[in-house]
Amino acid sequence: MTGATLTLYNSLTRSLEPFAPIDPAKGVRVYSCGPTVYSDPHLGNLRAYVFTDTLSRVLRWKGYPLTHVLNITDVGHLTSDADEGEDKMEAAAKKRGMSAWDISRHYADVFRRNLRDLNIRTPDHMPLATDYIAKMIEFAKGFADANCYQLDSGLYFDSSTVPDYGKLSGGQDDAGEGRIESVEGKRHPQDFAIWRTTPPGETRQMEWDSPWGRGAPGWHLECSVMSAELLGLPFDIHTGGIDHREIHHVNEIAQNQAHCRCGDSGARVWMHNNFLVDRGGKMSKSKGGIATLDALVAKGVHPLAYRLMCLSAHYRSELEFSGENLMAALVRLRRLVLAAEKFRAAEGKGGGNAASYLERLDAAVSDDLNTPKALPVLEELLADKQLGQEARLMTLAQFDTALGLNLLDLGRADLRVRPADALVTEAEIETRLALRKDARAAKDFARSDAIRDELLGAGVEVMDGDPLGWDWKVEL
Ligand code: AMP
Ligand code: ZN
């Protein structure tokens, strides 16, 4: 690889490490924990996938062949991460009067659409957990005798049978939200379900036969099995939100160690994005009233404004979601798009130094995906009047490949997203603005003000003398 050395923060060692693939012949193999598809993904979940997309873009941009797996959890994730409580899919199905299968199909589709809207590259594999049940049973059979014990409620993993259990979480045995409901007979509070047997007399919508009775797999088992199947253990990078560092990934590691009968965690680098928070704390589905990408678009915000908002913060920092932060991102996106439009069209004198922008982009993203440092370089590039036409387009294309902001194609008209509840159409707005212009030219200010107020009543603010050249905007 040429250019700067890629350095990534490994949660397992709590340090920045130069990255090198385990087996260059296999390229780089990345597994990202995917969503549990029982409701709309919220913006916090989507932050996790803007992060994995940045990782995937940067790896490819730096020339590594990549295989990226992002799973869809359509069974097994319980209402608590510690594998206790109800299955989220079954609970949602019961609440909505729909089948668990329909629920998962519906929300997996919403998720895929959200990825497209955020210009997230489609991963190479997006496996459904329910397609891997037989493999999960085989995998668990390999260590059931040595590492597990059976209770009436299922097969449990004995966390004391592997070395360094909990190393990833930094030794904290988080007794927080995960441990609310304890299972009778568990040997240690950290022990977790590999297989959850359906209680006698009950039927689950999603259940399968297994050596441990009819039931469903534990959530942690899914990811070990899908990553082993599609990438092979050990693979290069495993990602997830920072909550997964405490329980889910700790348990995946324990399973991987039991599987290989060795101390290996199953992945060389474990990476975690920090939370999107709002004033009330971490954004989560269970809190209700959460923000979705569709809700932003319905308000007239272009989805890439949210992508830009994510890129404006380092993935390991908390990011606050607020109307102000979102508006700031939208304004920044508008500036970028306007500047890119001019930049693409300009002739340029043919001088300038395109390489220096690419070097600085490389230095920023190679420094543990430091996108906030890359964005000002992009802004500087767009203001460069020296670069010749060919160098401009080539350099901008490189920034698009690495950052996914699509500035080679987006035009100002694309940013006009019509709010779902808009009272007037864009054509009507334009007609009225033309009438207002005529009124002002004729010095009929009363009429011009009346048109402005009328538009305001319809939620449209007229912007005279806007430095970005926007004639109007929709009130959020
Ligand atoms: P889930 O659908 O709950 O399994 O979550 C999907 C992904 O989103 C996981 O990687 C979570 O760690 C991540 N996640 C959940 N909440 C947030 C949040 N508020 N901010 C960032 N990532 C989150
Ligand atoms: Zn997972």
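Residues numbered from 1 in each chain as written. Chains lettered and ligands numbered in written order. Predicted model: local features only at pLDDT ≥ 70, side-chain atom pairs only at ≥ 80, totals over all residues. Heavy atoms only, no water.

- Going by the annotation in an unreviewed UniProt entry, the name recorded for the protein chain is Cysteine--tRNA ligase, with Sphingomonas koreensis given as the source organism.
- The Catalytic activity (unreviewed entry) field of the UniProt record for the protein chain holds the comment "tRNA(Cys) + L-cysteine + ATP = L-cysteinyl-tRNA(Cys) + AMP + diphosphate". (UniProt positions renumbered as here; feature names shortened; annotations may be inferred.)

### Here's the deal with the coordination of the zinc ion (ligand 2)
Argument step 1. At this site the zinc ion (ligand 2) is bound by C33 (SG), C223 (SG) and H248 (NE2), with donor distances of 2.0 to 2.1 Å.
Argument step 2. Between consecutive donors of the zinc ion (ligand 2), the numbers of intervening residues give the motif C-x189-C-x24-H. On the criterion of sequence distance, the pair formed by C33 in the loop between β3 (28–32) and α1 (43–61) and H248 in helix α6 (residues 248–260) is long-range, its members being 215 residues apart.
Argument step 3. Overall, the relative accessible area of 0% leaves H248 in the buried class. (Donors = N, O, S within 2.8 Å, 3.2 Å for Na, K, Ca; no water. Helix = DSSP H or I, 4+ residues; strand = E, 2+ residues; numbered from the N terminus. Buried < 20%, exposed > 50% of the residue type's maximum accessible area, 1.4 Å probe, protein only.)

### Quick word on the UniProt feature "short sequence motif: 'HIGH' region" (unreviewed entry) in the protein chain
Argument step 1. Within this structure's numbering, the places UniProt gives as "short sequence motif: 'HIGH' region" (unreviewed entry) are residues 35–45.
Argument step 2. Overall, residues 35–45 shows 27% helix and 0% strand. The separation of its end C-alpha atoms is 7 Å.

### Regarding the side chain of R204
Argument step 1. Of note, R204 is situated in the loop between β9 (192–197) and β10 (215–217).
Argument step 2. Of the buried charged residues, R204 lacks a salt bridge, with E90 as the closest side chain of opposite charge at 5.5 Å.
Argument step 3. Within the structure, the side chain of R204 is placed 2.9 Å from the backbone oxygen of R196, a separation counted as a polar contact.
Argument step 4. In contact with R204, not counting residues within four places along its chain, are E90, R196, T197, T198, P199, G215 and A216. (Lys, Arg positive; Asp, Glu negative; His and termini not counted. Salt bridge = Lys/Arg side-chain N within 4 Å of Asp/Glu carboxyl O. Polar contact = N/O pair within 3.5 Å; in protein donor to acceptor, adjacent residues only side chain to side chain. Contact = heavy atoms within 4.5 Å.)

### Thoughts on the pattern of salt bridges
Argument step 1. All told, the structure shown has 23 salt bridges when counted by the stated rule.
Argument step 2. Of the charged contacts in the structure, one is a salt bridge between K62 and D362, with a shortest N-O distance of 2.7 Å. With K62 in the loop between α1 and β4 (66–70) and D362 in helix α10 (residues 354–366), this pair connects stretches of sequence that are 300 residues apart. Comparing K62 with D362 shows no difference in burial state: the two are buried.

### Brief notes about the nonpolar core
Argument step 1. Within the largest apolar cluster, 122 residues are counted, with the highest numbers of intra-cluster contacts made by L59, I237, Y306 and L378.
Argument step 2. For this core, the element with the most residues is α1, which contributes 10 residues.
Argument step 3. No fewer than three residues from each of domain 1 (7–273) and domain 2 (284–415) sit in this core.
Argument step 4. With near-sequence residues (within four places) excluded, L59 lies in contact with L6, F19, V28, V30, Y64, L66 and I237.
Argument step 5. With 8 residues, the next largest nonpolar core counts V424, I451, A458 and V462 among its residues. (Core = buried A, V, L, I, M, F, W, Y, C linked by side-chain atoms within 4.5 Å. Domains from an automatic or database assignment.)

### Observations concerning the sheet that holds strand β12 (residues 267–273)
Argument step 1. The 4 strands lie next to each other as β4-β3-β11-β12, forming an open sheet whose pairing is parallel. Sheet topology places β4 and β12 at the edges, where each strand pairs with a single neighbour. Looking at each pair of strands side by side, their axes are set apart by 20° on average, direction ignored. (Pairing = 2+ DSSP bridges. Axes fitted to C-alpha atoms, helices over the stretch in contact; angles between N-to-C directions.)

### Focus on the packing of helix α4 (residues 133–147) against helix α5 (residues 219–230)
Relative placement of two packed helices is described by the angle separating their axes and the distance separating the axes.
Argument step 1. Following both chains from N to C, one finds α4 and α5 inclined at 100°, their axes separated by 9 Å at the closest point. Classified by the interaxial angle, the pair formed by α4 and α5 is roughly perpendicular. On α5, the residues touching K135, M136, F139 and A140 of α4 are L221, E222, S224, V225, A228 and E229.
Argument step 2. Among the residues forming the contact of α4 with α5, the class breakdown is 6 nonpolar, 1 polar and 3 charged. (Parallel < 35°, antiparallel > 145°, perpendicular 65-115°, else oblique. Nonpolar A, V, L, I, M, F, W, Y, C, P; charged D, E, K, R; others polar.)

### A look at the sheet that holds strand β7 (residues 148–151)
Argument step 1. Judged by pairing direction, the sheet is antiparallel, and its 4 strands sit side by side in the order β7-β8-β9-β10 without closing on themselves. Sheet topology places β7 and β10 at the edges, where each strand pairs with a single neighbour. The mean angle between the axes of side-by-side strands here comes to 20°, regardless of whether they run parallel or antiparallel.
Argument step 2. Two elements, β9 and β10, share 3 bridges in a ladder whose sense is antiparallel. Within β10, the position partnered with W195 by the bridge is P217.

### A look at the packing of aromatic side chains
To describe a pair of aromatic rings, one takes the distance between the centres and the angle between the planes.
Argument step 1. This model, assessed by the stated rule, comprises 10 aromatic pairs.
Argument step 2. With centroids separated by 5.1 Å and ring planes inclined at 80°, the aromatic side chains of Y49 and F111 adopt a geometry described as edge-to-face. One end of the pair, Y49, is in helix α1; the other, F111, is in helix α3 (residues 100–117), and 62 residues separate them in sequence.
Argument step 3. By relative accessible area, which is 6% here, Y49 ends up buried.
Argument step 4. Accessibility expressed as a relative area gives 0% for F111, which makes it buried.
Argument step 5. Seen from their ring centres, F139 and F143 are 5.8 Å apart, and the 90° between their planes marks the pair as edge-to-face. Taken together, the positions of F139 and F143, both in helix α4 and 4 residues apart, correspond to about one turn of that helix. Pair check on accessibility: F139 and F143 agree, each one buried.
Argument step 6. Members of the aromatic cluster, connected to one another through ring pairs, are F139, F143, F157 and F192.
Argument step 7. Sitting over the ring of Y9, R316 keeps its end group 3.9 Å from the ring centre. (Phe/Tyr/Trp six-rings, centres within 6.5 Å; stacked < 30°, edge-to-face > 60°. Lys NZ or Arg CZ within 6 Å of the ring centre and 35° of its normal.)

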